[in-house]
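# Reading the structure
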Amino acid sequence: MTDVPTRYLGELAVSAQGLGCMGMSHGYGAADDAQSIATLNRALDLGVTLLDTADFYGSGHNEELVGRAVAGRRDEVVLATKFGFANRLGEPTLIRGDAAYVRQACDASLRRLGVDHIDLYYQHRVDPQVPIEETVGAMAELVQAGKVRHLGLSEAGAQTIRRAHAVHPISALQSEWSLWTRDLEAEIVPVCRELGIGLVPFSPLGRGFLTGRYDSLDALAESDVRRSQPRFADGNLERNLAIVAKLNELAAARSVTAGQLALAWVQHRGDDVVPIPGTRRQRYLEENLAALAVELTADDLAAIEAAAPPERIAGSRYDANSLTFVNR
Ligand SMILES: NC(=O)c1ccc[n+]([C@@H]2O[C@H](COP(=O)([O-])OP(=O)(O)OC[C@H]3O[C@@H](n4cnc5c(N)ncnc54)[C@H](OP(=O)(O)O)[C@@H]3O)[C@@H](O)[C@H]2O)c1
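Residues numbered from 1 in each chain as written. Predicted model: local features only at pLDDT ≥ 70, side-chain atom pairs only at ≥ 80, totals over all residues. Heavy atoms only, no water.

### Concerning the side chain of Q229
As a reminder of what qualifies: Comment: elements are numbered from the N terminus, with helices defined as DSSP H or I runs of at least four residues and strands as E runs of at least two. We define a polar contact as two N or O atoms separated by no more than 3.5 Å, with the added condition that, inside protein, one atom must be a possible hydrogen donor and the other a possible acceptor, whereas residues neighbouring each other in sequence contribute only through side-chain atom pairs. Here a residue-residue contact requires only that any non-hydrogen atoms of the pair lie within 4.5 Å.
The topology assignment puts Q229 in the loop between β9 (198–202) and α7 (236–253). Side-chain polar atoms of Q229 contact the side chain of R207, separated by 3.4 Å. Apart from the residues within four sequence positions on either side, Q229 is in contact with R207, R317 and Y318.

### A few points about the pattern of salt bridges
Opposite charge on two side chains makes pairing possible when the charged atoms of those side chains draw close. Stated formally: Definition used for salt bridges: Asp or Glu carboxyl oxygen within 4 Å of a side-chain nitrogen of Lys or Arg. Residue exposure (1.4 Å probe, protein chains only): buried if accessible area is under 20% of the type maximum, exposed if over 50%, otherwise partly exposed.
Under the defined criterion, the tally for this structure stands at 25 salt bridges. With a closest N to O distance of 2.9 Å, E194 and R162 form a salt bridge. Linking E194 in helix α6 (residues 188–195) with R162 in helix α5 (residues 158–167), this pair joins segments that are 32 residues apart in sequence. Taking relative accessible area as the criterion, E194 reaches 54% and is therefore assigned exposed. Note on R162: relative accessible area 31%, which makes it partly exposed. We note a salt bridge from R193 to D272, for which the minimum N-O separation is 2.7 Å.

### Let's talk about the packing of helix α2 (residues 61–70) against helix α3 (residues 99–113)
Stated precisely, the cut-off is as follows: Lines are fitted to the C-alpha atoms to define the axes, a helix being fitted only along its stretch in contact, and any angle between axes, read from their N-to-C directions, falls within 0 to 180 degrees. An angle below 35 degrees is treated as roughly parallel, one above 145 as roughly antiparallel, one from 65 to 115 as roughly perpendicular, and anything else as oblique. Under the scheme applied here, ten amino acids are nonpolar (Ala, Val, Leu, Ile, Met, Phe, Trp, Tyr, Cys and Pro), four are charged (Asp, Glu, Lys and Arg), and all others, including Gly, are polar.
Look at α2 against α3: their axes get within 7 Å of each other, and the N-to-C directions meet at 45°. As summarised for this structure, α2 and α3 are arranged oblique, according to the angle between their axes. Where α2 abuts α3, its residues E63, E64, V66 and G67 lie against S109, R112 and L113. By residue class, the composition of the contact of α2 with α3 is two nonpolar, two polar and three charged.

### Some thoughts on α2
For α2, the buried fraction is high: seven of the 10 residues fall into the buried class. Regarding α2, the residues found buried are N62, E63, L65, V66, G67, A69 and V70. Elements that come into contact with the buried residues of α2 comprise α1 (33–46), β4 (50–52), β5 (78–83) and α3. Phi turns positive, to about 90°, at G72, one or two residues after α2.

Keep in mind that these numbers describe shape and distance, not what the molecule does.
Put into structure tokens, the structure is as follows:
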């Protein structure tokens with residue numbers, strides 16, 4: 001296992017790869033808390049510092065789980081969490097970014113995590129009803145109160161990022177970015193780079209699809225949210241398998257896995273990029289960390305990109321309702 005290098009999100013030092021904790025409580029079928037806590041501890045043992053959770057994941061369960069895992073190891077962790085989905089799981093989406101909600105959500109997250117401060121606090125989705133200045137103004141007050149150290153946004157659009165950053169420095173943008181989701185590259189990534197905002201790609205393994213593990217819907221539990229995501233549904237999954245076939249070929253030639261190649265591609269987007277692959281399992285955690293050592297040349301990167309031409313990706317990354325809340 002290689003040492004995990006350090007990267008910076010704005011001025012916040014983090015491990016070059018974080019660990020996404022969502023699947024330990026939410027979305028991807030049944031999880032086992034003991035297994036998840038062992039994986040979280042293994043991540044810290046191996047030098048991962050950035051743990052990513054949100055109040056929405058498992059309606060609070062995920063923050064409590066992460067809190068239990070880091071109790072006694074708080075100083076080793078850069079704890080990132082998010083607010084913004086005011087609905088509970090399964091209820092219609094309700095995004096809230098008003099100042100009163102920001103304050104209340106932060107206090108609730110601190111309680112569930114069992115900590116006195118959050119290292120990186122993100123707005124999970126921009127509230128279309130509330131000016132971003134109000135939301136970030138309230139987040140900045142949390143920094144002044146010592147409850148939060150750094151601020152982030154998730155799935156914010158370029159203009160929103162500029163307006164937010166004018167109120168208080170934004171350290172990180174967490175948005176979906178992977179070989180099959182590249183819509184932030186044209187406009188949003190350049191704005192982040194201009195402003196010195198770090199990039200945290202979520203679902204860097206394409207929600208696991210790019211590892212080649214999901215070759216049919218039968219591989220997903222009945223309750224798995226991916227069943228209702230267009231890229232996995234309606235025959236699109238079968239069409240998208242062409243990407244995985246090509247990735248497997250390229251990976252085999254380098255004696256790595258398709259998932260490692262997909263992750264290495266994300267890591268090569270720049271020194272300001274810190275992906276947060278999600279896993280509940282130590283085996284995958286270790287495999288994903290080993291991708292940090294995969295060096296890719298310009299020719300390698302071009303070959304990997306040719307495996308996933310945007311026009312050949314079948315299905316959008318979210319359903320129509322969820323798409324209305326991204327990049328805005
Ligand atoms: N800001 C947002 O709106 C947003 C949205 C989605 C996610 N996120 C964050 O981003 C994190 C990562 O995204 P994600 O979990 O959606 O997608 P991902 O990291 O692309 O993929 C996770 C899936 O891949 C599987 N997996 C991981 N490593 C693997 C490997 N080496 N081989 C085979 N399968 C592997 C996991 O399985 P197991 O779990 O079974 O190990 C899980 O099903 C989340 O945990 C969450 O913290 C944020």
